[in-house]
Amino acid sequence: MKYGLLTYNENQRFFNVGDNIQSLAAKQFLPRVDVYVNREKLAEYKGPKLKVIMNGWFTHNIHNWVPSEDIIPLFVSFHINNTAAPFMLSEKGINYLKKHEPIGCRDQFTADTLKSKGIEAYFSGCLTLTLDTYKAADPERGDAIYIVDPLYSYPKLDRHFYDLKSTLRNSLNGKIFELNKKKRHLKKIISKELLDSAIYINQEPPANKYSDVEKFKMAENLLNRYAKAKLVITSRIHCALPCLAMGTPVIFINGFDSFVDSCRFNGILDLFNRIDINIKNGVFSTNFDLNHKIDKNIRIKNLESHIDIVNNLKIKCQNFINN
């Protein structure tokens, strides 16, 4: 039997290291990686039968769905976004998923969407919760506090004003006047001292600079850094979920207001110490005790409500490989 691992397309400006972190979560269950298969080109694979753990967001290339018959899939931690669902859940798409049911879904939205089409599905959680293999020994944990892409959906120059067309569009819709909003809202929840002293990480490096090998190495380096952190503050689920797995205290800042974003979080956000921010006025609420701004002296414990999810994911993946 051959074993495959997912790789990913870049967009014109950047790529998401979180995708590679998801693949590392799958890789730890494989005896080896024989073939790298692009998530957007699964229908094009021709070759020996290939077992592939199909975790993550599916798919940006909706016209290249369903996967090749030469791929033997395990659908676990599977997400279909609301924008892709009408295209992917055609008669052909439904019949394909029914052939491989039950479908383990990363979020409750996907599970409910598949069930509405008569597909057996369940909430599995995200496979990155099994990345405890990267956990560092307690003496290795240092004093570093990382702030990773906080409120990254907020307007900023490189994300919303990258060419003339986008600049004109976002000037007309008013986003150009909101460029300072992220800084203002973060100041409401994080002390100035910590904002000035924290280590900032961007999980969206520039496109067309790195090979797949380099991307996976970058993902591993990030996991090793998070594993030894005192605290991580982030709006990236593929930073926060691995932190839970590795026992690193993590606070998730939720400043998303579109259904495209919120549908992929359904069932996941309950696992974190979380701050929910109203993106219009910065008013926030928390699901944990926060009596003052987050500072470098904060002591916080993860909720540890993910343990059963992790055990079920591990069993599912191990059985898929062994059978």
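All of the points below concern the structure found in this document. (Residues numbered from 1 in each chain as written. Predicted model: local features only at pLDDT ≥ 70, side-chain atom pairs only at ≥ 80, totals over all residues. Heavy atoms only, no water.)

**Details of the overall build of the protein**
Now for step 1: In terms of helices and strands, the protein carries twelve helices and twelve strands.
Now for step 2: In terms of overall dimensions, the protein has C-alpha extents of about 55 × 50 × 40 Å along its principal axes.
Now for step 3: Taking as baseline every contact in the protein between residues at least 6 positions apart, the subset at least 24 positions apart corresponds to 66%.
Now for step 4: When the accessible surface of the protein is split by element, carbon and sulfur atoms take 50% of a total near 15000 Å². (Helix = DSSP H or I, 4+ residues; strand = E, 2+ residues; numbered from the N terminus. Contact = heavy atoms within 4.5 Å. Areas by Shrake-Rupley, 256 points an atom, 1.4 Å probe, with all protein chains shown as cover.)

**Details of the packing of helix H9 (residues 212-227) against helix H10 (residues 237-246)**
Now for step 1: Two elements in contact, H9 and H10, have axes separated by 10 Å at closest approach and are oriented at 55 degrees. On the basis of their axis angle, the class for H9 and H10 is oblique. Once H9 is placed against H10, the crossing between them reads as right-handed. Between H9 and H10, the contacting residues are Leu223, Tyr226 and Ala227 on the first element and Cys239, Pro242, Cys243 and Met246 on the second.
Now for step 2: Here the contact of H9 with H10 is composed, by residue class, of seven nonpolar, no polar and no charged. (Axes fitted to C-alpha atoms, helices over the stretch in contact; angles between N-to-C directions. Parallel < 35°, antiparallel > 145°, perpendicular 65-115°, else oblique. Left-handed = near helix turned anticlockwise from the far one by under 90°. Nonpolar A, V, L, I, M, F, W, Y, C, P; charged D, E, K, R; others polar.)

**Details of the pattern of salt bridges**
Now for step 1: Evaluated as defined, the whole model comprises 13 salt bridges.
Now for step 2: Where Asp132 meets Lys314, a salt bridge forms, and the shortest distance between an N and an O atom there is 2.8 Å. Taken together, the residues span a long stretch of sequence, with Asp132 in the loop between strand S6 (121-123) and strand S7 (145-148) and Lys314 in helix H12 (residues 307-322) at a distance of 182 residues.
Now for step 3: Taking relative accessible area as the criterion, Asp132 reaches 29% and is therefore assigned partly exposed.
Now for step 4: The network of salt bridges with shared partners includes Asp19, Arg39 and Glu40. (Salt bridge = Lys/Arg side-chain N within 4 Å of Asp/Glu carboxyl O. Buried < 20%, exposed > 50% of the residue type's maximum accessible area, 1.4 Å probe, protein only.)

**Details of the pairing of strand S11 (residues 273-277)**
Now for step 1: Counted residue by residue, S11 has four buried out of five residues, so it is predominantly covered.
Now for step 2: Here strand S10 (residues 250-254) pairs with S11 via four bridges, running parallel. Pairing of Asn254 across the sheet is with Asp276, part of S11.
Now for step 3: You can see the chain leave S10, run along helix H11 (residues 259-265) and come back into S11, and the turn it takes is right-handed.
Now for step 4: Two elements, S11 and strand S12 (residues 284-286), share three bridges in a ladder whose sense is antiparallel. The residue of S12 that forms the bridge with Ile275 is Thr286.
Now for step 5: Hairpin connection between S11 and S12: a loop of six residues separates the two successive antiparallel strands, and Gly282 in this loop has a positive phi of roughly 80 degrees. (Pairing = 2+ DSSP bridges. Right-handed = clockwise from strand over helix to strand, strands pointing away.)

**A short note on the sheet that holds S7**
Now for step 1: In space, the six strands of this open sheet follow the order S8-S7-S9-S10-S11-S12, with mixed pairing throughout. Because the sheet does not close on itself, it has two edges, and the strands there are strand S8 (199-201) and S12. Sheet twist, expressed as the mean angle between neighbouring strand axes with direction ignored, is 20 degrees.
Now for step 2: Of the strands in this sheet, S7, strand S9 (231-234) and S10 touch H10, which is tilted by about 155 degrees from S10.

Treat this as a map of the structure, not an account of what it does.
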